Amino acid sequence: MKPHYRSLWLLLLVAFAAFVVAEAVGTPEIAGHKFKDAGFIAAVSDVKAEEDGAFASADGMLVLPDTIVTDVENIFPMPCDTASQTIMLIGDSMLEGLGPRLAAYAEHNGHTLYTVMWYSSTSEKWGKSDKLRNYIQRLKPTFIVVCLGANELLVKDIEVKREKYVKQILADIDTIPFLWIGPPNWRTDTGINRLIANSTPQGTFFLSDGMKFERAKDGAHPTRNSAAEWLDSVIRWMPANALHPIRLDVPEVSSAKAKRIFVHQPTED
């Protein structure tokens, strides 16, 4: 670089530094003339604040926007959908106890309930079948309740063997709001509850394991009264914890009938 260019660049740098320092300590005054504030430091501060996602308040304090969510749990409770729903309840024989109680809630709250019960079914059965897709297309539910897993408590390596079927069920449900009610364990499972919990979004899985049930003679199914209390527990849990809470005020009657019940046998595919 030529000497006179070097001197010119040095002069410009010194002048720029002088303006920055002067603005930091106050607006300069030379020979009685007060120079106008260039706003350089304020502009840099504003850019930095915007990059940090902050906004300057009137008193100069930085205020973080209140729309930032740092923890997914902070989104709960979710607003309750008070509209009338078309509810589809699908699952295994546990629906014999849950269905009548859910029908009472549906009737009391202006919802329509369809029950699809597949005896001895599993996540594998439903995942391999097109039944769920066909029923969704046919009934057009706006809310789905799933109760599956009771017939899979003792499957070895279940998290490997059944993961694709659980995911297929969720893929069939797609964007329809849903709730998966876990099985009423009568013994320690090999991972079915963990598989469902890890596969579903927060607020869409109700863990039934650990609850106390009065059992029928087979030692597995809750009695009708106990199943009704089970569903009541699910309903009480929903307002503060469900991702898609719907209106489910407590009915005066203990049970009712679904608009229609579809029954499938264990031998069906």
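Refer to the structure printed above.
Model, not experiment: these values are computed from the prediction.

Caption draft 1: Layout of the overall build of the protein chain. In terms of helices and strands, the protein chain carries nine helices and 10 strands. Per-residue burial over the protein chain gives 40% buried out of 269 residues. For the protein chain, the proportion of contacts with a sequence separation of at least 24, taken over those separated by at least 6, is 76%. Entry remark: accessible area of the protein chain is about 16,000 Å², with carbon and sulfur atoms responsible for 56%.

Caption draft 2: Molecular detail of the sheet that holds strand E10 (residues 260-264). Here we have six strands laid out as an open sheet, ordered E9-E8-E7-E5-E6-E10, and parallel in their pairing. This sheet does not close on itself; its edge strands, each paired only once, are strand E9 (205-206) and E10. Of the pairings in the sheet, the one linking strand E6 (residues 112-118) to E10 comprises five bridges and is parallel in character. Across the sheet, Thr 115 pairs through a bridge with Ile 261, a residue of E10. Against the sheet, helix H3 (residues 95-109) contacts strand E5 (86-91), E6, strand E7 (143-147) and strand E8 (178-181), and its axis sits at roughly 175° relative to E6.

Caption draft 3: Spotlight on unusual backbone geometry. A cis amide bond links Phe 76 to the next residue, Pro 77, at an omega of 0°. Within the fold, Pro 77 resides in the loop between strand E4 (62-63) and E5.

Caption draft 4: Examining the environment of Thr 115 more closely. Its location among the elements puts Thr 115 in strand E6. Overall, Thr 115 belongs to the buried group, its relative accessible area being 4%. Not counting residues up to four positions away in its chain, the partners in contact with Thr 115 are Leu 89, Leu 95, Ala 258, Arg 260, Ile 261 and Phe 262.

Caption draft 5: Structural detail: the nonpolar core. Leu 113, Ile 181, Trp 230 and Met 238 are the most contacted members of the largest nonpolar core, which has 30 residues in total. Only E5, H3, E6, E7, E8 and helix H9 (224-241) provide two or more residues apiece to this core. Ranked by the residues each element gives to this core, the list is headed by H3, at seven residues. One finds Met 88, Leu 132, Ile 169 and Ile 173 within the second-largest nonpolar core, a separate group that totals 28 residues.

Caption draft 6: View of the packing of H3 against H9. Remark: H3 packs on H9, axes separated minimally by 8 Å, with the N-to-C direction vectors making an angle of 55°. In terms of orientation, H3 and H9 fall into the oblique class. Handedness of the crossing formed by H3 with H9: right-handed. When H3 is examined against H9, the residues Glu 96, Gly 97, Leu 98, Pro 100, Arg 101, Leu 102 and Tyr 105 are found in contact with a partner set consisting of Arg 224, Ala 227, Ala 228, Trp 230, Leu 231, Asp 232 and Ile 235. Its residues assigned to classes, the contact of H3 with H9 shows nine nonpolar, one polar and four charged.

Caption draft 7: Structural view of the pairing of E6. Judged by how many residues are buried, E6 sits mostly within the fold: six of seven residues are covered. Pairing of E5 with E6, which is carried by six bridges, proceeds in the parallel orientation. Each bridged residue has a counterpart across the sheet, and for Ile 87 the counterpart in E6 is Leu 113. Viewed along the sheet, the connection from E5 through H3 into E6 turns out right-handed.

Caption draft 8: Examining helix H8 (residues 192-199) more closely. Buried residues of H8: Ile 192, Asn 193, Leu 195 and Ile 196, and no others. Along the long axis of H8, the arc covered by the buried residues comes to 160°, so they all point the same way. Among the structural elements, helix H6 (158-161), helix H7 (163-173), E8 and E9 are those in contact with the buried residues of H8.

Conventions used here
- Residues numbered from 1 in each chain as written.
- Predicted model: local features only at pLDDT ≥ 70, side-chain atom pairs only at ≥ 80, totals over all residues.
- Heavy atoms only, no water.
- Helix = DSSP H or I, 4+ residues; strand = E, 2+ residues; numbered from the N terminus.
- Buried < 20%, exposed > 50% of the residue type's maximum accessible area, 1.4 Å probe, protein only.
- Contact = heavy atoms within 4.5 Å.
- Areas by Shrake-Rupley, 256 points an atom, 1.4 Å probe, with all protein chains shown as cover.
- Pairing = 2+ DSSP bridges.
- Axes fitted to C-alpha atoms, helices over the stretch in contact; angles between N-to-C directions.
- Core = buried A, V, L, I, M, F, W, Y, C linked by side-chain atoms within 4.5 Å.
- Parallel < 35°, antiparallel > 145°, perpendicular 65-115°, else oblique.
- Left-handed = near helix turned anticlockwise from the far one by under 90°.
- Nonpolar A, V, L, I, M, F, W, Y, C, P; charged D, E, K, R; others polar.
- Right-handed = clockwise from strand over helix to strand, strands pointing away.
- Arc of directions from axis to C-beta.

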